[in-house]
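# Inside the fold
Chain residues, written in single-letter form:
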Amino acid sequence: MHGYRNTQAARTAATLEAMSAMAADGNAGWVTLPTDAYCNPDIHALEVERIFRAGWIAVGRTDEVREPGSYLAREIVGTPVAMVRDQKGRLRVFANICRHRWMKVLDGKGRKAVITCPYHAWVYGLDGCLRRAPGMECHPGFDAAATRLEELSFEVWHGFVFVNLDGHADPLAPRLTGVEETLRPYGLDNWFTARTLNLGEAPWGWKVMQDNGECYHHEGLHPETFQTVFPGERSGTTCGDDWILQWSPAREESLETLADGTRVMPGCYFEPLDGLDTFHRTHFVLVYVLPNYLIYLQPDCGIMIRFLPVDVGRSHMEVDLLVPESARHLTDFEARLDRFESFFHRFNDEDIPANTAIQKALDSGRASPAPLSRHEQHNRHVAWWVARKLTSTSAP
Ligand code: FES
Ligand SMILES: [Fe+2]
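Residues numbered from 1 in each chain as written. Chains lettered and ligands numbered in written order. Predicted model: local features only at pLDDT ≥ 70, side-chain atom pairs only at ≥ 80, totals over all residues.

## Let's talk about the overall build of the protein chain
- The helix and strand tally for the protein chain stands at nine helices and 19 strands.
- Relative to its length of 396 residues, the protein chain is compact, with a C-alpha radius of gyration of 23 Å against a globular reference of 21 Å.
- Taken along the three principal axes of its C-alpha coordinates, the protein chain extends 75 × 65 × 35 Å.
- Residues classed as buried in the protein chain amount to 39% of the 396 residues present.
- Long-range pairs, those at least 24 residues apart, make up 62% of the contacts in the protein chain with a sequence separation of at least 6. (Helix = DSSP H or I, 4+ residues; strand = E, 2+ residues; numbered from the N terminus. Rg over C-alpha atoms; globule rule 2.2 N^0.38 Å. Buried ≥ 20, exposed ≤ 12 C-beta atoms within 10 Å, placed from the backbone. Contact = placed C-beta atoms within 7 Å.)

## Some words on the nonpolar core
- Ranked by size, the top nonpolar core spans 96 residues in total, and within it Met 83, Val 163 and Ala 387 carry the most contacts.
- Per element, the largest residue contribution to this core is seven residues, and it comes from helix 9 (residues 377–391).
- Mapping this core onto the domain boundaries places at least three of its residues in each of domain 1 (66–155) and domain 2 (177–391).
- Once you skip the residues sitting within four places of it in the chain, Met 83 turns out to touch Val 59, Gly 60, Val 65, Tyr 71, Leu 72, Leu 91, Val 93 and Val 161. (Core = buried A, V, L, I, M, F, W, Y, C linked by C-beta atoms within 7 Å. Domains from an automatic or database assignment.)

## Things to note about the sheet that holds strand 3 (residues 79–85)
- If you trace the four strands from one edge of the open sheet to the other, you get 4-3-2-5, paired in antiparallel fashion. This sheet does not close on itself; its edge strands, each paired only once, are strand 4 (91–95) and strand 5 (109–111). The average angle at which neighbouring strand axes cross in this sheet is 25°, direction not considered. (Pairing = 2+ DSSP bridges. Axes fitted to C-alpha atoms, helices over the stretch in contact; angles between N-to-C directions.)

## A closer look at the domain arrangement of the protein chain
- By domain assignment, the protein chain separates into domain 1 (66–155) and domain 2 (177–391).
- Each of domain 1 and domain 2 has a C-alpha centre, and the two are 34 Å apart.

## Comments concerning the pairing of strand 13 (residues 243–249)
- Burial of strand 13 is extensive: five of the seven residues sit out of reach of the surface.
- Here four bridges tie strand 12 (residues 236–239) to strand 13, and the two strands are oriented antiparallel to one another. Paired with Thr 237 across the two strands is Gln 246, which belongs to strand 13.
- Taking the residues between adjacent antiparallel strands as the criterion, strand 12 and strand 13 are bridged by three residues.

## Structural notes on the environment of Leu 172
- Locating Leu 172 in the fold gives a position in the loop between strand 10 (160–164) and helix 3 (180–183).
- Linking Leu 172 and Phe 162, residues ten residues apart in sequence, is a C-alpha distance of 8.4 Å.
- Not counting chain neighbours up to four residues away, the residues in contact with Leu 172 comprise Trp 56, Glu 155, Trp 157 and Phe 162.

Structural data, given as structure tokens:
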């Protein structure tokens with residue numbers, strides 16, 4: 001056992017040393033992370049602490065809890081959290097843990113007047129304050145008035161809710177100003193979550209998922225779904241600190257002409273938004289907020305993908321299909337949404353075998369650090385970002 005611990009410690013030390021070098025030189029060598037970083041439990045534990053507890057983690061959208069009393073329970077690296085719209089219309093995010101003996105107080109999605117714990121029926125108001133605790137009147141150390149569900153730090157950005165578990169992260173919005181100009185025309189505050197797909201646990205880690213975010217693989221994995229219209233080699237990438245922006249132009253000859261004569265990319269399932277400029281009508285855009293937020297945007301709808309580590313080499317993935325409010329009036333809305341969902345499954349089904357195979361290769365111990373092409377700026381940035389978060393001696 002002692003020998004195992006030494007070997008494991010040496011392995012972790014070597015990986016962190018390589019990451020330190022990458023953090024220091026900005027990944028000047030254009031390489032992937034050390035392969036051990038994808039399958040080492042110590043590295044996973046460090047990521048949970050320094051990235052997923054310390055950072056801003058996307059959990060959903062404000063439109064999912066629009067009415068007073070509506071709630072939505074989710075989980076971030078083992079911490080149950082719940083978004084709740086209180087009686088006054090204020091959004092709150094709670095640790096979804098009863099102050100009595102730690103039961104989960106809210107489950108799934110719904111609407112309630114008060115929050116009643118299913119274990120011993122303590123009752124909390126929508127503001128998190130304890131209202132009723134049967135049988136606790138005589139407890140000498142119990143202060144009912146001071147008892148409330150723990151509120152977590154959160155920030156709303158373009159309608160998306162990000163939670164910071166440790167409560168120490170710097171504000172999120174100022175870190176994302178670099179994507180504002182590209183994002184603003186979509187008016188995402190006025191979109192809504194039309195459908196959520198819970199894809200469950202995937203047999204690959206969150207970094208394999210992130211790595212799959214480049215458009216370089218269109219030719220190999222998506223010859224029909226993307227490459228024929230959106231050639232990967234014509235896509236562009238720009239990176240900030242905590243974000244990555246990518247855009248991919250539709251081939252000129254594939255553009256469709258609308259009734260008013262404007263040209264738009266093919267594959268719209270709803271109606272292209274009014275007032276979009278040529279760029280936004282003819283490109284799809286990908287916005288990544290590290291570590292777990294990805295949104296795919298086209299002129300009429302979008303796909304938000306949230307993924308979180310479950311364990312080393314395993315992650316959980318949820319997908320929201322987003323649509324502008326203006327599309328609600330369409331009489332065949334559900335049929336269009338079905339077609340939009342089918343589009344997601346078509347390309348996602350093409351990605352699944354690759355992600356699965358890659359994690360398996362990494363776990364085998366026979367994969368070595370790889371060089372990145374000039375079309376993999378995304379991967380270069382993610383590797384550098386992770387290396388910096390795990391090795392920085394200052395606050396992550
Ligand atoms: S655990 Fe919630 S009331 Fe007992
Ligand atoms: Fe893909």
